[in-house]
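Letter by letter, the chains look like this.
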Amino acid sequence: MPVIAIVGMQWGDEGKGKIIDYLSQNADIVIRCQGGANAGHTVVTNNGKKFVFHQVPSGILNPKVQCIIGQGCVVDPIKLANEITRLVVDHGIENPKGRLFISPRAHVTLLHHRLLDEGKESHYPLGTTKSGIGPTYVDKIKRCGIRMGDLAALTRWNKLEPIIKRALKENNVLLKWYGLSEVNSNDQVCVCFDHASLLGYLIDPKIDEKIRWNVMNNKTVILEGSQGTLLDIDVGTYPYVTSSNTTSAGLCTGSGIPPTKINKVIGVMKAYTTRVGEGPFPTNTKSHEKYLREKGNEYGATTGRERRCGWLDLPSLKEVIWFNGITEIALMKLDVFDALSSFYVCNAYTSSNGKTPIFKSFQGWNRSIKSVSSYSDLPLETKTFINYIESFLNCPITMISTNEKREQFILR
Ligand code: IMP
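Residues numbered from 1 in each chain as written. Predicted model: local features only at pLDDT ≥ 70, side-chain atom pairs only at ≥ 80, totals over all residues. Heavy atoms only, no water.

### Details of the overall build of the chain
Then, number 1: Scanning the chain from N- to C-terminus turns up 12 helices and 18 strands.
Then, number 2: The globule rule puts the C-alpha radius of gyration for 412 residues at 22 Å, and the 21 Å found for the chain is close to it.
Then, number 3: Expressed along its principal axes, the backbone C-alpha trace of the chain runs to roughly 65 × 50 × 40 Å.
Then, number 4: Within the span of the chain, comprising 412 residues, buried residues form 57% of the whole.
Then, number 5: Put simply, 73% of the contacts in the chain that link residues at least 6 apart link residues at least 24 apart.
Then, number 6: In the structure as shown, the chain presents an accessible area of about 17400 Å², 52% of it carried by carbon and sulfur atoms. (Helix = DSSP H or I, 4+ residues; strand = E, 2+ residues; numbered from the N terminus. Rg over C-alpha atoms; globule rule 2.2 N^0.38 Å. Buried < 20%, exposed > 50% of the residue type's maximum accessible area, 1.4 Å probe, protein only. Contact = heavy atoms within 4.5 Å. Areas by Shrake-Rupley, 256 points an atom, 1.4 Å probe, with all protein chains shown as cover.)

Structure (C-alpha coordinates):
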(Lines give C-alpha, C1' and ligand atoms only; values in the text may rest on other atoms or scores of the structure.)
Protein backbone atom coordinates (compact mmCIF):
# COMPACT_ATOMS: atom_id res chain seq x y z
CA MET A 1 0.00 0.00 0.00
CA PRO A 2 1.27 3.39 -0.94
CA VAL A 3 2.42 6.69 0.48
CA ILE A 4 0.23 9.27 -1.25
CA ALA A 5 1.03 12.98 -1.25
CA ILE A 6 -1.88 15.37 -1.83
CA VAL A 7 -0.95 18.83 -3.06
CA GLY A 8 -2.90 21.90 -4.09
CA MET A 9 -2.16 23.00 -7.67
CA GLN A 10 -3.41 26.59 -7.46
CA TRP A 11 -3.56 29.25 -4.71
CA GLY A 12 -5.18 26.94 -2.16
CA ASP A 13 -8.88 26.17 -1.63
CA GLU A 14 -8.87 23.51 -4.37
CA GLY A 15 -10.86 20.98 -2.33
CA LYS A 16 -8.03 19.03 -0.72
CA GLY A 17 -10.15 18.43 2.41
CA LYS A 18 -12.72 16.44 0.43
CA ILE A 19 -10.06 14.31 -1.30
CA ILE A 20 -8.20 13.60 1.94
CA ASP A 21 -11.39 12.70 3.77
CA TYR A 22 -12.38 10.37 0.91
CA LEU A 23 -9.01 8.65 0.58
CA SER A 24 -8.59 8.30 4.32
CA GLN A 25 -11.45 5.78 4.37
CA ASN A 26 -8.82 3.27 3.28
CA ALA A 27 -5.81 4.86 4.97
CA ASP A 28 -3.90 4.03 8.11
CA ILE A 29 -2.43 7.44 8.83
CA VAL A 30 -2.89 10.99 7.59
CA ILE A 31 -0.10 13.51 8.23
CA ARG A 32 -0.53 17.30 7.96
CA CYS A 33 2.89 18.45 6.87
CA GLN A 34 3.11 22.25 6.74
CA GLY A 35 1.23 25.45 7.48
CA GLY A 36 -0.94 26.00 10.50
CA ALA A 37 -4.14 27.79 11.44
CA ASN A 38 -4.10 29.64 8.08
CA ALA A 39 -5.58 26.56 6.38
CA GLY A 40 -9.29 25.83 6.07
CA HIS A 41 -10.01 22.35 4.76
CA THR A 42 -13.73 21.79 4.26
CA VAL A 43 -15.52 18.42 4.35
CA VAL A 44 -19.30 18.13 3.82
CA THR A 45 -20.77 14.85 5.04
CA ASN A 46 -23.54 13.05 3.16
CA ASN A 47 -26.19 14.48 5.47
CA GLY A 48 -24.97 17.98 4.66
CA LYS A 49 -22.98 18.64 7.87
CA LYS A 50 -20.01 20.91 7.18
CA PHE A 51 -16.63 20.61 8.93
CA VAL A 52 -13.82 23.11 8.45
CA PHE A 53 -10.44 21.85 9.63
CA HIS A 54 -7.73 24.38 10.34
CA GLN A 55 -5.00 22.41 12.10
CA VAL A 56 -6.47 18.96 12.70
CA PRO A 57 -5.85 16.66 9.69
CA SER A 58 -8.95 16.16 7.52
CA GLY A 59 -8.70 12.37 8.02
CA ILE A 60 -10.04 12.67 11.59
CA LEU A 61 -13.64 12.02 10.48
CA ASN A 62 -12.71 8.43 9.68
CA PRO A 63 -12.48 6.68 13.06
CA LYS A 64 -9.91 4.07 12.03
CA VAL A 65 -7.33 6.59 10.87
CA GLN A 66 -4.50 7.91 13.00
CA CYS A 67 -3.83 11.59 12.36
CA ILE A 68 -0.55 13.40 12.83
CA ILE A 69 0.33 17.08 12.92
CA GLY A 70 3.81 16.78 11.44
CA GLN A 71 7.14 18.40 12.15
CA GLY A 72 6.77 20.93 9.33
CA CYS A 73 3.60 22.45 10.82
CA VAL A 74 3.27 25.47 13.02
CA VAL A 75 0.76 24.93 15.82
CA ASP A 76 -1.30 27.63 17.47
CA PRO A 77 -2.09 25.88 20.78
CA ILE A 78 -5.00 28.16 21.69
CA LYS A 79 -6.70 27.68 18.32
CA LEU A 80 -5.92 23.96 18.24
CA ALA A 81 -7.44 23.40 21.69
CA ASN A 82 -10.58 25.28 20.53
CA GLU A 83 -10.76 23.32 17.29
CA ILE A 84 -10.58 20.01 19.16
CA THR A 85 -13.24 21.15 21.63
CA ARG A 86 -15.52 22.20 18.76
CA LEU A 87 -15.04 18.86 17.02
CA VAL A 88 -15.81 16.89 20.17
CA VAL A 89 -18.55 19.05 21.72
CA ASP A 90 -20.33 20.53 18.70
CA HIS A 91 -19.80 17.80 16.15
CA GLY A 92 -19.75 14.72 18.34
CA ILE A 93 -16.36 13.47 17.12
CA GLU A 94 -14.87 10.99 19.55
CA ASN A 95 -12.11 12.43 21.76
CA PRO A 96 -9.00 12.28 19.57
CA LYS A 97 -6.82 10.70 22.29
CA GLY A 98 -4.96 7.79 20.74
CA ARG A 99 -5.87 9.02 17.22
CA LEU A 100 -4.30 12.45 17.00
CA PHE A 101 -0.59 13.00 17.55
CA ILE A 102 1.62 16.06 17.32
CA SER A 103 5.30 16.01 16.40
CA PRO A 104 7.45 17.53 19.17
CA ARG A 105 9.36 19.29 16.39
CA ALA A 106 6.34 21.32 15.20
CA HIS A 107 6.79 25.00 16.07
CA VAL A 108 4.46 26.95 18.33
CA THR A 109 2.55 30.06 17.25
CA LEU A 110 1.96 32.47 20.13
CA LEU A 111 0.42 35.92 20.61
CA HIS A 112 3.52 37.80 19.46
CA HIS A 113 3.50 35.91 16.15
CA ARG A 114 -0.12 36.87 15.47
CA LEU A 115 0.60 40.50 16.43
CA LEU A 116 3.74 40.63 14.27
CA ASP A 117 1.69 39.30 11.34
CA GLU A 118 -0.82 42.13 11.87
CA GLY A 119 1.96 44.70 12.29
CA LYS A 120 3.66 43.61 9.08
CA GLU A 121 0.34 43.61 7.20
CA SER A 122 -0.35 47.19 8.23
CA HIS A 123 3.05 48.27 6.84
CA TYR A 124 3.59 45.91 3.88
CA PRO A 125 0.28 44.24 2.98
CA LEU A 126 0.41 40.78 1.41
CA GLY A 127 -3.13 39.86 2.41
CA THR A 128 -2.11 37.15 4.91
CA THR A 129 -4.62 35.38 7.12
CA LYS A 130 -3.01 37.19 10.11
CA SER A 131 -2.66 33.83 11.86
CA GLY A 132 1.00 34.44 12.73
CA ILE A 133 2.28 31.90 10.20
CA GLY A 134 5.12 33.97 8.68
CA PRO A 135 6.52 35.19 12.03
CA THR A 136 6.46 31.63 13.47
CA TYR A 137 8.46 30.30 10.52
CA VAL A 138 10.81 33.32 10.82
CA ASP A 139 11.57 32.32 14.42
CA LYS A 140 12.05 28.72 13.32
CA ILE A 141 14.56 29.69 10.62
CA LYS A 142 16.23 32.22 12.95
CA ARG A 143 16.58 29.33 15.40
CA CYS A 144 14.82 31.06 18.24
CA GLY A 145 11.46 29.26 17.93
CA ILE A 146 9.46 27.39 20.55
CA ARG A 147 8.59 23.78 19.70
CA MET A 148 5.71 21.60 20.80
CA GLY A 149 8.27 19.38 22.53
CA ASP A 150 9.21 22.37 24.72
CA LEU A 151 5.57 22.64 25.74
CA ALA A 152 5.53 18.98 26.65
CA ALA A 153 8.32 19.60 29.12
CA LEU A 154 5.66 20.52 31.70
CA THR A 155 7.89 20.10 34.70
CA ARG A 156 10.65 22.07 33.10
CA TRP A 157 9.49 25.66 33.61
CA ASN A 158 13.18 26.48 33.74
CA LYS A 159 13.61 25.25 30.19
CA LEU A 160 10.58 26.97 28.65
CA GLU A 161 11.03 30.34 30.32
CA PRO A 162 14.44 31.20 28.80
CA ILE A 163 13.32 30.06 25.32
CA ILE A 164 10.26 32.33 25.42
CA LYS A 165 12.20 35.21 26.98
CA ARG A 166 14.80 34.97 24.25
CA ALA A 167 12.21 34.86 21.45
CA LEU A 168 10.38 37.85 22.92
CA LYS A 169 13.46 39.97 23.46
CA GLU A 170 13.95 40.53 19.73
CA ASN A 171 10.31 40.32 18.75
CA ASN A 172 9.20 42.93 21.26
CA VAL A 173 11.56 45.43 19.61
CA LEU A 174 9.84 44.74 16.30
CA LEU A 175 6.37 44.98 17.87
CA LYS A 176 7.30 48.38 19.26
CA TRP A 177 8.56 49.45 15.85
CA TYR A 178 5.16 48.50 14.41
CA GLY A 179 3.56 50.69 17.11
CA LEU A 180 2.10 47.68 18.95
CA SER A 181 2.29 46.80 22.64
CA GLU A 182 5.00 44.48 23.85
CA VAL A 183 4.10 40.96 24.90
CA ASN A 184 4.85 39.86 28.44
CA SER A 185 7.00 36.75 28.52
CA ASN A 186 5.56 35.43 31.81
CA ASP A 187 2.05 35.60 30.33
CA GLN A 188 3.24 33.55 27.35
CA VAL A 189 4.92 30.99 29.61
CA CYS A 190 1.55 30.67 31.38
CA VAL A 191 -0.28 30.24 28.05
CA CYS A 192 2.19 27.48 27.15
CA PHE A 193 1.71 25.80 30.50
CA ASP A 194 -2.08 25.98 30.33
CA HIS A 195 -2.04 24.51 26.83
CA ALA A 196 0.55 21.93 27.71
CA SER A 197 -1.99 20.48 30.08
CA LEU A 198 -4.68 20.60 27.35
CA LEU A 199 -2.57 19.30 24.48
CA GLY A 200 0.44 17.65 26.11
CA TYR A 201 -1.10 14.18 25.83
CA LEU A 202 -1.09 14.54 22.03
CA ILE A 203 2.62 15.34 21.73
CA ASP A 204 4.33 12.09 20.82
CA PRO A 205 8.11 11.77 21.28
CA LYS A 206 7.99 8.50 19.31
CA ILE A 207 6.31 9.99 16.26
CA ASP A 208 9.24 9.18 13.92
CA GLU A 209 9.02 5.52 14.85
CA LYS A 210 5.28 5.47 14.28
CA ILE A 211 5.63 7.03 10.82
CA ARG A 212 8.55 4.79 9.83
CA TRP A 213 6.75 1.67 11.02
CA ASN A 214 3.69 2.51 8.91
CA VAL A 215 5.76 3.21 5.80
CA MET A 216 7.98 0.13 6.19
CA ASN A 217 4.95 -2.11 6.82
CA ASN A 218 3.24 -0.98 3.61
CA LYS A 219 0.42 0.83 5.36
CA THR A 220 -1.46 3.53 3.49
CA VAL A 221 -0.06 6.89 4.48
CA ILE A 222 -1.59 10.14 3.24
CA LEU A 223 0.44 13.32 3.32
CA GLU A 224 -1.97 16.24 3.56
CA GLY A 225 -0.69 19.40 1.90
CA SER A 226 -2.07 22.79 2.81
CA GLN A 227 -2.44 25.94 0.71
CA GLY A 228 -1.36 25.44 -2.91
CA THR A 229 1.75 25.33 -5.09
CA LEU A 230 1.35 28.93 -6.25
CA LEU A 231 1.64 29.96 -2.58
CA ASP A 232 4.88 27.97 -2.09
CA ILE A 233 7.65 30.06 -0.52
CA ASP A 234 10.10 29.09 -3.32
CA VAL A 235 8.15 28.41 -6.51
CA GLY A 236 5.02 30.46 -5.75
CA THR A 237 4.20 34.05 -6.71
CA TYR A 238 6.73 35.53 -4.26
CA PRO A 239 6.37 37.67 -2.18
CA TYR A 240 2.61 37.00 -2.29
CA VAL A 241 3.00 33.50 -0.87
CA THR A 242 2.78 31.67 2.42
CA SER A 243 5.88 30.87 4.47
CA SER A 244 6.21 27.13 3.91
CA ASN A 245 6.93 24.72 1.06
CA THR A 246 3.53 23.60 -0.14
CA THR A 247 4.91 21.25 -2.81
CA SER A 248 5.46 17.49 -2.49
CA ALA A 249 9.05 18.23 -1.42
CA GLY A 250 7.63 20.21 1.51
CA LEU A 251 5.44 17.25 2.40
CA CYS A 252 8.58 15.09 2.65
CA THR A 253 10.43 17.47 4.97
CA GLY A 254 7.22 18.25 6.84
CA SER A 255 6.48 14.60 7.59
CA GLY A 256 10.02 13.21 7.77
CA ILE A 257 9.26 10.69 5.00
CA PRO A 258 12.03 10.51 2.38
CA PRO A 259 11.16 11.31 -1.29
CA THR A 260 11.98 7.75 -2.42
CA LYS A 261 9.08 6.44 -0.32
CA ILE A 262 6.39 8.53 -2.04
CA ASN A 263 4.43 6.35 -4.46
CA LYS A 264 1.84 8.79 -5.80
CA VAL A 265 1.42 12.54 -5.92
CA ILE A 266 -2.17 13.59 -6.45
CA GLY A 267 -2.58 17.19 -7.55
CA VAL A 268 -5.90 18.80 -6.66
CA MET A 269 -7.26 21.55 -8.90
CA LYS A 270 -10.59 23.27 -9.44
CA ALA A 271 -12.14 23.68 -12.90
CA TYR A 272 -11.34 27.40 -12.49
CA THR A 273 -8.94 29.44 -10.35
CA THR A 274 -9.39 31.44 -7.15
CA ARG A 275 -7.10 33.53 -5.01
CA VAL A 276 -7.43 35.30 -1.65
CA GLY A 277 -5.03 37.97 -0.53
CA GLU A 278 -2.85 40.24 -2.65
CA GLY A 279 -0.71 39.27 -5.63
CA PRO A 280 -0.87 38.74 -9.39
CA PHE A 281 -3.75 36.82 -10.93
CA PRO A 282 -3.52 36.99 -14.75
CA THR A 283 -6.61 34.87 -15.49
CA ASN A 284 -8.88 36.79 -13.10
CA THR A 285 -12.21 37.41 -14.87
CA LYS A 286 -14.33 40.47 -14.20
CA SER A 287 -17.24 39.35 -16.39
CA HIS A 288 -17.76 36.00 -14.61
CA GLU A 289 -16.23 36.61 -11.18
CA LYS A 290 -19.53 37.11 -9.39
CA TYR A 291 -21.02 34.01 -11.02
CA LEU A 292 -18.05 31.81 -10.07
CA ARG A 293 -17.92 33.18 -6.52
CA GLU A 294 -21.59 32.62 -5.89
CA LYS A 295 -21.94 29.22 -7.56
CA GLY A 296 -18.66 28.01 -6.07
CA ASN A 297 -19.22 29.61 -2.64
CA GLU A 298 -15.80 31.20 -2.96
CA TYR A 299 -15.36 32.83 0.42
CA GLY A 300 -12.31 32.14 2.62
CA ALA A 301 -12.90 29.25 5.05
CA THR A 302 -10.52 30.84 7.59
CA THR A 303 -11.11 34.56 7.13
CA GLY A 304 -14.46 34.76 5.30
CA ARG A 305 -12.84 37.04 2.70
CA GLU A 306 -14.22 37.06 -0.87
CA ARG A 307 -11.98 35.03 -3.16
CA ARG A 308 -11.01 36.53 -6.49
CA CYS A 309 -12.09 34.20 -9.30
CA GLY A 310 -10.80 33.47 -12.79
CA TRP A 311 -10.31 30.86 -15.49
CA LEU A 312 -7.90 27.93 -15.49
CA ASP A 313 -4.27 28.80 -16.16
CA LEU A 314 -2.91 25.75 -17.99
CA PRO A 315 0.66 27.02 -18.61
CA SER A 316 1.02 27.64 -14.88
CA LEU A 317 -0.50 24.23 -14.04
CA LYS A 318 2.06 22.58 -16.32
CA GLU A 319 4.86 24.07 -14.21
CA VAL A 320 3.02 22.94 -11.08
CA ILE A 321 2.92 19.33 -12.36
CA TRP A 322 6.70 19.45 -12.76
CA PHE A 323 7.52 21.04 -9.40
CA ASN A 324 5.49 18.42 -7.56
CA GLY A 325 6.04 15.38 -9.76
CA ILE A 326 2.26 15.01 -9.94
CA THR A 327 1.24 11.55 -11.15
CA GLU A 328 -2.53 12.10 -11.31
CA ILE A 329 -5.09 14.87 -10.92
CA ALA A 330 -8.31 15.28 -8.96
CA LEU A 331 -10.54 17.82 -10.74
CA MET A 332 -12.92 19.61 -8.39
CA LYS A 333 -16.05 21.76 -8.64
CA LEU A 334 -16.80 20.97 -12.26
CA ASP A 335 -20.51 21.50 -11.55
CA VAL A 336 -19.88 25.22 -10.96
CA PHE A 337 -19.92 25.56 -14.79
CA ASP A 338 -23.37 23.92 -15.05
CA ALA A 339 -25.25 27.11 -15.95
CA LEU A 340 -22.65 28.65 -18.28
CA SER A 341 -23.25 28.68 -22.03
CA SER A 342 -19.51 29.12 -22.56
CA PHE A 343 -16.34 29.42 -20.46
CA TYR A 344 -12.63 30.00 -20.99
CA VAL A 345 -9.23 28.47 -20.35
CA CYS A 346 -5.84 30.19 -20.64
CA ASN A 347 -3.64 27.98 -22.81
CA ALA A 348 -0.75 30.37 -23.57
CA TYR A 349 0.70 33.79 -22.82
CA THR A 350 1.49 36.37 -25.53
CA SER A 351 4.99 36.02 -26.86
CA SER A 352 5.56 39.81 -26.78
CA ASN A 353 5.44 40.32 -23.01
CA GLY A 354 4.79 36.79 -21.80
CA LYS A 355 2.26 38.19 -19.32
CA THR A 356 -1.03 38.57 -21.19
CA PRO A 357 -3.09 35.39 -21.16
CA ILE A 358 -4.52 33.95 -24.38
CA PHE A 359 -7.88 32.28 -23.80
CA LYS A 360 -9.57 29.41 -25.60
CA SER A 361 -13.35 29.28 -25.29
CA PHE A 362 -15.33 26.14 -24.56
CA GLN A 363 -19.00 25.40 -25.01
CA GLY A 364 -20.91 24.88 -21.75
CA TRP A 365 -23.10 21.85 -21.07
CA ASN A 366 -26.11 23.82 -19.78
CA ARG A 367 -27.38 21.13 -17.44
CA SER A 368 -26.70 19.86 -13.96
CA ILE A 369 -23.97 17.24 -13.60
CA LYS A 370 -24.26 17.15 -9.79
CA SER A 371 -25.70 13.66 -9.67
CA VAL A 372 -23.63 12.07 -12.45
CA SER A 373 -21.64 9.17 -11.04
CA SER A 374 -19.92 7.66 -14.06
CA TYR A 375 -17.65 9.25 -16.63
CA SER A 376 -19.63 7.88 -19.56
CA ASP A 377 -22.76 9.74 -18.36
CA LEU A 378 -21.09 13.14 -18.47
CA PRO A 379 -22.18 15.46 -21.32
CA LEU A 380 -19.94 15.53 -24.38
CA GLU A 381 -18.94 19.16 -23.69
CA THR A 382 -17.75 18.21 -20.19
CA LYS A 383 -15.66 15.34 -21.56
CA THR A 384 -14.18 17.64 -24.22
CA PHE A 385 -13.04 20.01 -21.46
CA ILE A 386 -11.60 17.17 -19.33
CA ASN A 387 -9.76 15.64 -22.28
CA TYR A 388 -8.32 19.01 -23.25
CA ILE A 389 -6.87 19.54 -19.75
CA GLU A 390 -5.44 16.02 -19.66
CA SER A 391 -3.74 16.26 -23.01
CA PHE A 392 -2.41 19.80 -22.33
CA LEU A 393 -0.97 18.77 -18.97
CA ASN A 394 -0.03 15.26 -20.09
CA CYS A 395 -1.36 13.90 -16.82
CA PRO A 396 -4.41 11.70 -16.15
CA ILE A 397 -7.47 13.07 -14.34
CA THR A 398 -8.49 10.12 -12.17
CA MET A 399 -11.01 11.71 -9.81
CA ILE A 400 -13.74 14.19 -10.72
CA SER A 401 -15.94 15.95 -8.19
CA THR A 402 -19.30 17.35 -9.26
CA ASN A 403 -20.84 18.16 -5.89
CA GLU A 404 -19.69 18.89 -2.38
CA LYS A 405 -20.86 15.67 -0.66
CA ARG A 406 -18.02 13.53 0.66
CA GLU A 407 -18.82 10.32 -1.25
CA GLN A 408 -19.51 11.98 -4.59
CA PHE A 409 -16.68 11.25 -7.02
CA ILE A 410 -16.44 10.05 -10.59
CA LEU A 411 -13.49 7.67 -10.60
CA ARG A 412 -11.59 6.80 -13.77
P1 IMP B 1 -0.38 33.39 5.43
O2 IMP B 1 -0.20 31.96 5.07
O3 IMP B 1 -1.46 33.64 6.46
O4 IMP B 1 0.92 34.04 5.79
O5 IMP B 1 -0.89 34.15 4.10
C6 IMP B 1 -0.09 34.28 2.93
C7 IMP B 1 -0.94 34.15 1.67
O8 IMP B 1 -1.42 32.81 1.59
C9 IMP B 1 -2.18 35.04 1.67
O10 IMP B 1 -2.45 35.43 0.34
C11 IMP B 1 -3.29 34.12 2.16
O12 IMP B 1 -4.55 34.53 1.72
C13 IMP B 1 -2.85 32.82 1.52
N14 IMP B 1 -3.32 31.63 2.20
C15 IMP B 1 -2.85 31.10 3.35
N16 IMP B 1 -3.51 29.98 3.67
C17 IMP B 1 -4.40 29.77 2.70
C18 IMP B 1 -5.37 28.75 2.45
O19 IMP B 1 -5.53 27.76 3.21
N20 IMP B 1 -6.12 28.90 1.32
C21 IMP B 1 -5.94 29.94 0.46
N22 IMP B 1 -5.05 30.90 0.64
C23 IMP B 1 -4.28 30.82 1.76
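### Considering empty space enclosed by the protein
Then, number 1: Enumeration according to the criterion identifies two cavities of 30 Å³ or more in this entry.
Then, number 2: Taken as a whole, the largest cavity encloses approximately 50 Å³ of empty space.
Then, number 3: In terms of residues, the lining of the largest cavity owes the most to one element, helix H2 (residues 77–90), which gives three residues.
Then, number 4: Considering only enclosed or pocket space, the second largest cavity measures out at about 40 Å³ in volume.
Then, number 5: For the lining of the second largest cavity, the secondary-structure elements that each account for two or more residues are strand S5 (66–69) and helix H8 (207–216).
Then, number 6: Per-element tally for the lining of the second largest cavity: the top contributor is H8, with three residues.
Then, number 7: Looking at the lining of the second largest cavity residue by residue, the class counts come to four nonpolar, four polar and two charged. (1 Å grid on protein atoms, 1.4 Å probe; cavity = no way out; pocket = protein on both sides within 12 Å on 5 of 7 lines; lining within 4 Å. Points joined across faces, edges and corners; volume = space filled by probe spheres on them. Nonpolar A, V, L, I, M, F, W, Y, C, P; charged D, E, K, R; others polar.)

### A closer look at the site of the ligand
Then, number 1: For the ligand, the set of nearby residues contains 16 residues, the closest of which are Asp13, Asn38, Thr129, Thr242 and Arg305.
Then, number 2: Asn38 has a polar side-chain atom sitting 2.9 Å from an oxygen atom of the ligand.
Then, number 3: For the ligand, an oxygen atom lies 2.6 Å from a polar atom in the side chain of Thr129.
Then, number 4: For the ligand, the accessible surface in isolation is 470 Å², of which the surrounding protein chains cover 96%.
Then, number 5: Among the cavities detected, the one that contains the ligand is the largest pocket.
Then, number 6: For the shell around the ligand, the class distribution of residues is six nonpolar, eight polar and two charged. (Near = heavy atom within 4 Å. Polar contact = N/O pair within 3.5 Å; in protein donor to acceptor, adjacent residues only side chain to side chain. Sits in = over half its atoms within 2 Å of the grid points.)

### Description of the sheet that holds strand S13 (residues 312–313)
Then, number 1: With respect to topology, three strands assemble into an open sheet ordered S13-S15-S16, the strand pairing being mixed. The sheet is open, and its two borders are formed by S13 and strand S16 (357–363), each paired with just one other strand. (Pairing = 2+ DSSP bridges.)

### Some points on the pairing of strand S1 (residues 3–8)
Then, number 1: Counting buried residues along S1, six of its six residues qualify, which places the element largely inside the surrounding structure.
Then, number 2: Of the two faces of S1, both are covered, the one formed by Val3, Ala5 and Val7 as well as the one formed by Ile4, Ile6 and Gly8.
Then, number 3: As judged from the four bridges shared by S1 and strand S9 (residues 221–224), these two strands associate in the parallel manner. What sits directly across from Val3, in S9, is Val221.
Then, number 4: Pairing geometry for S1 and strand S10 (residues 264–270), over five bridges, is parallel. Bridging across to S10, Ile6 finds its partner in Ile266.

### Some remarks on the packing of aromatic side chains
Then, number 1: Under the counting rule described, the total for this entry stands at 16 aromatic pairs.
Then, number 2: Aromatic pair Phe343 and Trp365: ring centres 5.7 Å apart, planes at 70°, arrangement edge-to-face. Residue Phe343 is located in strand S15 (residues 342–349), and its partner Trp365 is located in the loop between S16 and helix H12 (380–393); the two are separated by 22 residues in the primary sequence.
Then, number 3: Judged by its relative accessible area of 0%, Phe343 falls in the buried class.
Then, number 4: Taking relative accessible area as the criterion, Trp365 reaches 5% and is therefore assigned buried.
Then, number 5: Here a set of aromatic residues connected by ring pairs shows up, and it is made of Tyr272, Trp311, Phe337, Phe343, Tyr344, Phe362, Trp365, Phe385, Tyr388 and Phe392.
Then, number 6: For Lys360, the ring lying beneath its charged end belongs to Phe362, and the centroid distance is 5.2 Å. (Phe/Tyr/Trp six-rings, centres within 6.5 Å; stacked < 30°, edge-to-face > 60°. Lys NZ or Arg CZ within 6 Å of the ring centre and 35° of its normal.)

### A short note on the pattern of salt bridges
Then, number 1: Under the criterion given, the structure shown has 17 salt bridges.
Then, number 2: One salt bridge in this structure joins Glu289 and Arg293, with 3.7 Å as the shortest N-O distance. Separated by four residues within a single helix, Glu289 and Arg293 lie in helix H10 (residues 289–296), roughly one turn from each other. The pair formed by Glu289 and Arg293 is uniform in burial state, with each residue classed as buried.
Then, number 3: Taking the shortest distance from any N to any O, the salt bridge between Arg307 and Glu298 comes out at 2.7 Å. Just as Arg307 is buried, Glu298 falls in that class too.
Then, number 4: One connected set of salt bridges, linked through shared partners, spans Asp13, Lys270, Glu298, Arg307 and Lys333. (Salt bridge = Lys/Arg side-chain N within 4 Å of Asp/Glu carboxyl O.)

### Notes on the environment of Gly98
Then, number 1: Secondary-structure assignment places Gly98 in the loop between H2 and strand S7 (100–102).
Then, number 2: Take Gly98: its relative accessible area is 43%, and that puts it in the partly exposed class.
Then, number 3: Along the sequence, Gly98 and Tyr201 sit 103 residues apart, while their C-alpha atoms lie 9.0 Å from each other.

Interpretation in functional terms is not warranted from these geometric data alone.
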